[in-house]
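Observations on the three-dimensional arrangement
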Amino acid sequence: MQKNRNKTLVVAAGALLCTFVGGCAGRPPAGAGAEPAVPQLTVASGAVREKCAELLDFSHTSLRMLSAETIPHGKQVSIDGVAYQLPEHCYVRGRMNERTSPVDGQGYAIRFEMSLPKDWNGRLFFQPNGGVEGSLAVPMVQAYGRTLGGSPVDTALQRGFAVVTTDSGHDGSANTSVAPAIRQQVFGIDPQARTENAHGYVAVVTPMAKKLIAAAYGKAPDRSYMVGTSNGGRVGMVTAARYPALFDGIVSGPPAFNLPKAVLAAIWNAQAMAAIAPLVDGKADISRSFSQADMDLVANRVLERCDALDGLDDGLVFDIQACRQAFSLKDDVPTCSSALETNCLTAAKKNTLDKMMQGPKDRHGNALYAEWPFDPGMRALGWRQWQMGDFANAQGPASASNPTSRIMTLTGPGMAFMFSNPPQSPDVLTGQGTTIFDYVMGFRMNGEGADALKIFATGNGYAEAPYDEYTPPHPDDLAAFRQRGAKMIVYHGTADPVFSVNDTIRWYEALAKNHRNRAEFVRLFVVPGMLHSYGGPAADKFDMVTAIVDWVEKGIAPQRIVASTRPVRENSETNPTWPEGRTRPLCPYPQIARYLGEGSIETETSFVCL
Ligand SMILES: [Ca+2]
């Protein structure tokens, strides 16, 4: 634990210097112009709701109200295994933009739900959801207001927010004319459904929700927040750039930034693993391309090289930039010289893992997405599940004999129907003699007429190229969002196997081009060891919602956000040797948490952000 102690004390002295000279959040680029001051927004004031059933008569463009009922105090709900007791609220359901598609003949609508507490805090909480949305059927996506992080202690509804959630404009189980394995994504063939899912539903639902709140409480919300993770985090990023007037504060958990490119990466990885996987019926079983022992070996070697770089051997690698220099797959993981050898990887496995971690490339070697950091969290089951299939409660490992594993159903149909222009015919994936697995394996990443290029293609009746619809326009320019006094918090785990933390870091770096003091309105928090959204060997329990409200309404910028580890019963992939309730500060990028060299290593107060 005392390794690098002298270095730690030196950097701690540097922290004091940072404090005196006014922050160490990175130097502005030469030539960046001065921006006007960020306005300070006022604190929301609450109200008591007088109406509920009467809201059934509420009217708005393209709206059909379905129900408005009072739910008495005490309703129990379980979200992701955690039980919550809800306050009295008015539960409202409705539909907007109902129509029949001229393209696929299916009925579409933006279904929404709102929960309006009796005692309201004066704020709207918009909850964009994960995956491809398309459902309101489970508590995780219903209008309770997930506050994110691991095992949160409450919901936004319990905090007094008026919560709205939607299916983003399509019902992922409705189209029974296609095979169940592609039913969630096939909506992407309809241009309007694709645009609504990409971002359009936010602009339709949010003004209606604010007006409905005004009808219920006698005043519109003083402050409005959007809080989402994964795809919901992507929606937050797109909203900040495309609809900057709608929200005062946005929390984007590990965002699906550059989503179509990230799906290219998933296909790239599946193809890379297939090249080394054992064959079943002549086809690759990618679920067995890397063993648990393989990933344990890599994770242990990463820890040996990188754990102490942040000043403390504690199983958490905070300094991922230094780790990038310190760890080499080639040099630090032994290459097996015979099939009988253990504690080594074959040359083929090393080459494959290296190819995956570098991310997809075009034929000229140019990156099509981002590279991924090596992290001890790569040993976690969740990393294997996302890369190789084998989801609990899903359809098992990805292989030729099981072409509809969850990893395949997310990547293959997503690329085929949502992110390709023109989209594929359903028959290409689930027709006679064809499978999703075959589509993924046959997907041409580069070369003349490559399938990958379809994410950038325009025309064919689609308003924009898929890539442009699903990503923020001018992602490094948030001037309009900034100038209204809005704030944004983004966080991302270093072991996230779905969206690379490096892609999010690159976006945050690029923000400095237009916003020399980007940290005055956008802050990025990197979470060591965390998998996708939560989980992994990480301090993954934190509260970003309080942080964004304090920042927006009181001007208290988050200097650090305290995160704690969870016990094994809550986070099966934590490090079981860690004491329960270990805390660490999450620091605004590019700062990282460093141990001061004295004080309990279990307590965040023994660490500085610098
Ligand atoms: Ca460490």
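Analysis parameters
Each chain carries its own residue numbering, running from 1 in the written order of its sequence. Per-residue local features are limited, in this predicted model, to residues with pLDDT of at least 70; the limit for side-chain atom pairs, both in listing and counting, is 80 or more; totals at the level of whole chains, interfaces and linings are taken over all residues. Every helix listed is a DSSP run of H or I at least four residues long, and every strand listed is a run of E at least two residues long, numbered separately from the N terminus. Atoms counted for the radius of gyration: C-alpha only. Globule rule: 2.2 Å times residue count to the power 0.38. For the exposure call, what matters is how many other C-beta atoms sit within 10 Å of a residue's own: 20 or more marks it buried, 12 or fewer exposed, and in between partly exposed, using C-beta atoms placed from the backbone. Each residue gets a C-beta atom placed from its backbone, and two residues are in contact if those atoms lie within 7 Å. An automatic or database domain assignment supplies the residue ranges for each domain. The nonpolar class holds Ala, Val, Leu, Ile, Met, Phe, Trp, Tyr, Cys and Pro. Asp, Glu, Lys and Arg form the charged class, and all remaining residues, Gly among them, are polar. Paired strands, in this sense, are two strands between which DSSP finds at least two bridges. Simply put, an axis is a line fit to the C-alpha atoms, just over the touching stretch for a helix, and the angle between two N-to-C directions goes from 0 to 180 degrees. By convention the nonpolar core is taken to be a set of buried residues drawn from Ala, Val, Leu, Ile, Met, Phe, Trp, Tyr and Cys and joined through C-beta atoms within 7 Å. In predicted models, pLDDT denotes the confidence assigned by the predictor to each residue on a 0 to 100 scale. To estimate how far a helix should extend, the number of its residues minus one is multiplied by 1.5 Å. A residue's bend is simply the angle between two axes: one fitted to the seven residues ending at it, one to the seven starting at it. Comment on the angle field: the value is read as roughly parallel under 35 degrees, roughly antiparallel over 145, roughly perpendicular from 65 to 115, and oblique elsewhere.

Side note on the overall build of the protein
When helices and strands are counted, the protein shows 16 helices and 21 strands. On C-alpha atoms alone, the protein measures out to a radius of gyration of 24 Å, which is about the 25 Å that the 2.2 N^0.38 rule sets for 610 residues. Here the C-alpha coordinates of the protein stretch approximately 75 × 65 × 50 Å along the principal axes. Looking at the protein as a whole, 51% of its 610 residues are labelled buried. In the protein, of all internal contacts separated by at least 6 residues, the share reaching a separation of at least 24 is 70%.

What about the domain arrangement of the protein?
Entries for the protein in the domain assignment read domain 1 (46-175 + 187-221) and domain 2 (261-467). Between domain 1 and domain 2, the C-alpha centre-to-centre distance is 34 Å. Listed by partner, the interface residues are 6 residues for domain 1 and 7 residues for domain 2. Taken together, the residues of the side of domain 1 that touches domain 2 sort by class into 3 nonpolar, 2 polar and 1 charged.

A look at the pairing of strand E4 (residues 82-85)
Where strand E3 (residues 76-79) and E4 come together, 4 bridges link them in antiparallel fashion. The residue bridging Gln 76 from the neighbouring strand is Gln 85, located in E4. Counted along the chain from E3 to the antiparallel partner E4, the turn is 2 residues long, and its residue Asp 80 has a positive phi close to 55 degrees.

Overview of the sheet that holds strand E9 (residues 162-166)
Ordered in space as E2-E5-E6-E9-E8-E10-E11-E16-E17, the 9 strands form an open sheet in which the pairing is mixed. Edge positions in the sheet fall to strand E2 (63-71) and strand E17 (522-527), since each has one partner strand and no second. Direction aside, the axes of adjacent strands within the sheet are offset by 15 degrees on average. Two elements, strand E11 (residues 249-255) and strand E16 (residues 487-493), share 4 bridges in a ladder whose sense is parallel. Bridging from a neighbouring strand, Val 251 pairs with Ile 489 of E16. The sheet strands contacting helix H2 (residues 191-217) are E2, strand E5 (89-100), strand E6 (107-117), strand E8 (123-127) and E9, and the helix crosses E6 at an angle near 40 degrees.

What to know about unusual backbone geometry
For the bond running from Asn 421 to Pro 422, omega is -5 degrees, close enough to zero to count as cis. Along the chain, Pro 422 falls in the loop between helix H10 (406-418) and helix H11 (426-430). Here the residue pair Tyr 589 and Pro 590 is connected by a cis peptide bond, since its omega of 10 degrees sits within 30 degrees of zero. Examined against the element boundaries, Pro 590 turns out to sit in the loop between strand E19 (583-586) and strand E20 (593-595). In this model, Asp 80 sits at a positive phi of 55 degrees, which is unusual for a non-glycine residue. Residue placement: Asp 80 occurs in the loop between E3 and E4.

Topic: the nonpolar core
Counting residues in each nonpolar core, the largest one holds 156 residues, and the members touching the most others are Met 114, Val 163, Val 205, Met 544 and Ile 548. Counting the residues that make up this core, at least three belong to each of domain 1 (46-175 + 187-221) and domain 2 (261-467). Setting aside its immediate chain neighbours within four residues, Met 544 contacts Leu 148, Gly 149, Val 251, Ile 489, Tyr 491 and Ile 561.

Quick word on helix H9 (residues 381-388)
Along an α-helix, a turn takes 3.6 residues, which lines up residues three or four apart on a common side. Most of H9 is tucked away: 7 of the 8 residues are buried. All of the buried residues along H9 are Gly 382, Trp 383, Arg 384, Gln 385, Trp 386, Gln 387 and Met 388.

Here's the deal with the confidence of the model for the protein
Per-residue confidence for the protein averages 92 on the pLDDT scale, and 92% of its residues sit at or above 70. Counting interchain partners and residues more than four positions distant, the pLDDT-below-50 stretch residues 1-32 has 40 contacts.

Describing the environment of Ala 256
Topologically, Ala 256 is positioned in the loop between E11 and helix H4 (259-274). Note on Ala 256: 28 C-beta atoms within 10 Å, which makes it buried. In sequence terms Ala 256 and Tyr 467 are 211 residues apart; their C-alpha atoms lie 12 Å from each other. Beyond its immediate sequence surroundings of up to four residues, Ala 256 is in contact with Ser 230, Asn 231, Gly 233, Arg 234, Ala 262 and Phe 499.

Things to note about the environment of Glu 464
Within the secondary structure layout, Glu 464 lies in the loop between helix H12 (436-442) and helix H13 (466-470). For Glu 464, a count of 16 C-beta atoms within 10 Å corresponds to the partly exposed category. Placed 269 residues apart in sequence, Glu 464 and Thr 195 show a C-alpha to C-alpha distance of 8.6 Å. Among residues more than four places away in sequence, those in contact with Glu 464 are Thr 458 and Glu 469.

Topic: H2
When the terminal C-alpha atoms of H2 are compared, their 37 Å separation across 27 residues agrees well with the 39 Å that a helix rising 1.5 Å per residue should span. At His 199, H2 shows its largest kink, close to 75 degrees. When you tally the buried positions in H2, you get 19 out of 27 residues, the bulk of the element. Once H2 finishes, Gly 218 follows within two positions and takes phi at roughly 85 degrees, a positive value.

Structural notes on the packing of H4 against helix H8 (residues 347-358)
Direction vectors running N to C along H4 and H8 enclose 175 degrees, while the axes themselves pass 9 Å from each other. Taken together, the axis directions place H4 and H8 in an arrangement best described as roughly antiparallel. Contacts between H4 and H8 involve Asn 269, Ala 272 and Met 273 from the former and Thr 352, Lys 355 and Met 356 from the latter. Of the residues belonging to the contact of H4 with H8, the class tally is 3 nonpolar, 2 polar and 1 charged.

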